[in-house]
Amino acid sequence: MAANNNESAVLFDQPGPKGRKMISIANWIAGIIFAIVVVLILMRLHNPPDGENQLSWELWKPALDAEAWTDFYLPGLWATIRASALAVVGAVAFGLLFGIGRLMPNPLIRVVSGAIVEFARAVPVLLLMIFFWRWFASVGVPSPAYWSVVLALVIYNGSVVAELVRSGVGNLPDGQREASLALGLTETQSLMQIEVPQAIVAMLPAAVTQLVVVLKDTALGSIIMYTDLLQQSRRLGSMYFNILQTLVVAGVVYFFVCWLLSRLAESLPARLQQHTAAPTEPEPVAPIAAGDPSNVNQIAVAKEVEELPLGGTDRQYHVHHRGTNASIHQWRQTKYVQGYDVTHPESQEEAEKDKLFKLHHKKENHSEEE
Amino acid sequence: MQDLTLLFTEYNVPGAFLVNIELTLWSALFSMILGVILVMMRISPVASLRTVAGAYVELFKNLPLTIIMVFMVLGAYAQLKLTFSDTFTTNFFWLAVTGLSLYTAAFVCESLRSGINTVPIGQAEAARALGLSFTQSAFQIILPQTFRGSVAPLGNTFIALLKNSTVAAAASVATETSSMMSEMIEYHADLIVLIFLIFAFGYVILIIPIGLLTTYLSNKLAVRR
């Protein structure tokens, strides 16, 4: 009972026999309502007003047979994966360049990199795609649709990676930088040799999660006639007049690939944590709001550790250490308002609640009890 | 300068941005309502509600927005005859709003769920100790603090929504910015860079104040503990 109810258990008292009965009745009513909704949707599919039966095998067969897969879905999926793989490689290069640029001691490099990253963050990917597509087509680049999809995704996701690098460096404990400066390294050397390598390991899981975003965004390419999975399923659908069915199949494929990648990204942080002093994160800090200093992707934080009774998790790091706000130049001025920093457990008022703190002292307490 | 005035007299650029803003505001409203319902379902004691809300969020988080928008027009409208209005433009507009709202609601739900974490357990425990029921403690104690704690992720979600409203082009909304940019480039290919910069800076100008407002509000509304 407590195990499957842990998300909500704290919001209400452990139900007694009467409460349990009420909950099970509500459970059945809700289940029946959802079943009715599903049946209504199926009925609409079966018998749409002045249309043909969308559930008939006549329409589903051409959307599912071997020819559909070999001639349409699989080449489409390959085009999608090809574009997203190249875009991720490019985005990492772009992100490293401008992310490190934003951390450099030279103010000119910082300002220029900052302006580029903020601009890339604010412009919708579709506008970038359309612009590059028309431009490449007019200049005469071969396969303009492919390159415009890749380049637009590189620019937008590169700005995300740039912020990941920056927050990765910001999330490192102060000691890393202090130690390297004390050893006589210059600021730039410390950044390039000590901090950035650790930040890169810390951001890898987030980069895998970003791959999901890239993969989803390649579907925008169908608007500029890139023959990706979505475009191929539309072509197949217009041949047999079963576009609803082919779109459903394409949706299932997209969901399956994205879901697998998300699971992979979630399993990575634990394995990578031993290689870095910065916390590894499965989800990128959403660098969407330009100039947003509290750019904390709390969605990511909610997924980082086990869920709490209220349906989420503690914030693990202080807001100052993340996102746009992460700056190696203000580490000493950090004020602990909420959340905690593993490196500063004393900043947390209710230290007993702190899971890592507890873990740390578990052994001690255990031996005392005995 | 001459080119700029030519473009602005020939095309109603602010009007295109207005369409995107309308799309964003309506979708924000509906996705907010749906998102609150979803997050309530996810923290409720009823297992079937939790399962359905979890499945909804997982489904829409892993689907490209473009396929949802295409489905709204080619599947829901063309095959299943889901219509909002007899006028084509109004109909496509509301189909796009539906698609955007369904997609964004999953992210609103996740933002709110992470906002719930900013509420200390003591608040819920105190509410229980006072004898409040689940709905009372949820609506009077937890949710108000949740909203204040999730301003930043919600702001980011709505900025993403504004940018995503350009995907309405996939749902045949021809008056919004990406379609208009495409059309302008078609007729003024020599001014392609200028046209792109007009729209790009339009979005920069729209998004920076929202970002600043989000920051301001998340600092102002955060419950200091």
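Note that the coordinates shown come from a computational prediction; the quantities given were computed from them, not determined experimentally.

Scoring rules and cut-offs
Residues numbered from 1 in each chain as written. Chains lettered and ligands numbered in written order. Predicted model: local features only at pLDDT ≥ 70, side-chain atom pairs only at ≥ 80, totals over all residues. Helix = DSSP H or I, 4+ residues; strand = E, 2+ residues; numbered from the N terminus. Buried ≥ 20, exposed ≤ 12 C-beta atoms within 10 Å, placed from the backbone. Contact = placed C-beta atoms within 7 Å. UniProt positions renumbered as here; feature names shortened; annotations may be inferred. Axes fitted to C-alpha atoms, helices over the stretch in contact; angles between N-to-C directions. Parallel < 35°, antiparallel > 145°, perpendicular 65-115°, else oblique. Left-handed = near helix turned anticlockwise from the far one by under 90°. Nonpolar A, V, L, I, M, F, W, Y, C, P; charged D, E, K, R; others polar.

Trainee: How do you make sense of the overall build of chain A when you look at a structure like this?
Mentor: Secondary structure assignment for chain A yields 12 helices and 0 strands. Secondary structure elements of chain A, listed N to C terminal, follow the sequence α-α-α-α-α-α-α-α-α-α-α-α. Looking at chain A residue by residue over its 370 residues, the buried ones come to 47%. Long-range contacts, defined as pairs at least 24 residues apart, comprise 67% of the intrachain contacts of chain A with a sequence gap of at least 6.

Trainee: In this structure, what is going on with the UniProt feature "domain: ABC transmembrane type-1" (unreviewed entry) in chain A? I would like to understand it.
Mentor: The UniProt entry lists residues 77–265 of chain A under the feature "domain: ABC transmembrane type-1" (unreviewed entry), expressed in the numbering used here. When the span residues 77–265 of chain A is considered, its composition is 84% helix and 0% strand, and the gap between its end C-alpha atoms is 21 Å.

Trainee: Please clarify how unusual backbone geometry should be interpreted in this entry.
Mentor: Generally, phi is negative for residues other than glycine and the peptide bonds are trans, each holding for most cases. Residues and elements named next belong to chain A. Here Met 225, not a glycine, exhibits a phi torsion of approximately 70°, which is positive. One can find Met 225 in the loop between α8 (187–217) and α9 (229–240). Its identity is not glycine, yet Phe 241 carries a phi of approximately 55°, on the positive side. Within the secondary structure, Phe 241 is located in the loop between α9 and α10 (243–272).

Trainee: I tried to follow the packing of helix α5 (residues 88–116) of chain B against helix α7 (residues 134–149) of chain B on my own but got confused; where do I start?
Mentor: Two quantities define a packed helix pair, namely the angle between the helix axes and the distance between the axes. All names here are of chain B. Across the interface, α5 lies against α7 with an axial gap of 8 Å and an inter-helix angle of 110°. Classified by the angle between their axes, α5 and α7 sit roughly perpendicular to one another. When α5 is examined against α7, the residues Leu 112, Gly 115 and Ile 116 are found in contact with a partner set consisting of Ile 142, Thr 146, Phe 147 and Gly 149.

Trainee: Where do I start with the environment of A:Gly184 in this structure?
Mentor: Examined against the element boundaries, A:Gly184 turns out to sit in the loop between α7 (174–182) and α8. For the pair A:Gly184 and A:Val150, spaced 34 residues apart in the sequence, the C-alpha separation amounts to 42 Å.

Trainee: What is the right way to look at the UniProt feature "transmembrane region" (unreviewed entry) in chain B in this model?
Mentor: Residues and elements named next belong to chain B. Using the residue numbers shown here, the UniProt feature "transmembrane region" (unreviewed entry) corresponds to residues 23–41, 62–80, 92–109 and 191–217. Across residues 62–80, the secondary structure splits into 68% helix and 0% strand, with the terminal C-alpha atoms separated by 24 Å. Split by type, residues 191–217 is 96% helix and 0% strand. Its first and last C-alpha atoms lie 40 Å apart.

Trainee: How should I be thinking about the UniProt feature "domain: ABC transmembrane type-1" (unreviewed entry) in chain B in this particular structure?
Mentor: In the numbering used here, UniProt assigns the feature "domain: ABC transmembrane type-1" (unreviewed entry) to residues 17–214 of chain B. Counting secondary structure, residues 17–214 of chain B comes out at 79% helix and 0% strand; the distance between its end C-alpha atoms is 21 Å.

Trainee: Please clarify how the packing of α9(A) against α10(A) should be interpreted in this entry.
Mentor: All names here are of chain A. The geometry of α9 relative to α10 is characterised by a closest axis approach of 8 Å and an angle of 155° between their N-to-C directions. It follows that α9 is roughly antiparallel to α10 by the angle criterion. Remark: the crossing between α9 and α10 carries right-handed chirality. Together, Leu 229, Leu 230, Ser 233, Arg 234, Leu 236, Gly 237 and Ser 238 of α9 and Ile 243, Thr 246, Leu 247, Val 249, Ala 250, Val 253 and Tyr 254 of α10 make up the contact between the two elements. Residue composition of the contact of α9 with α10, grouped by class: 9 nonpolar, 4 polar and 1 charged.

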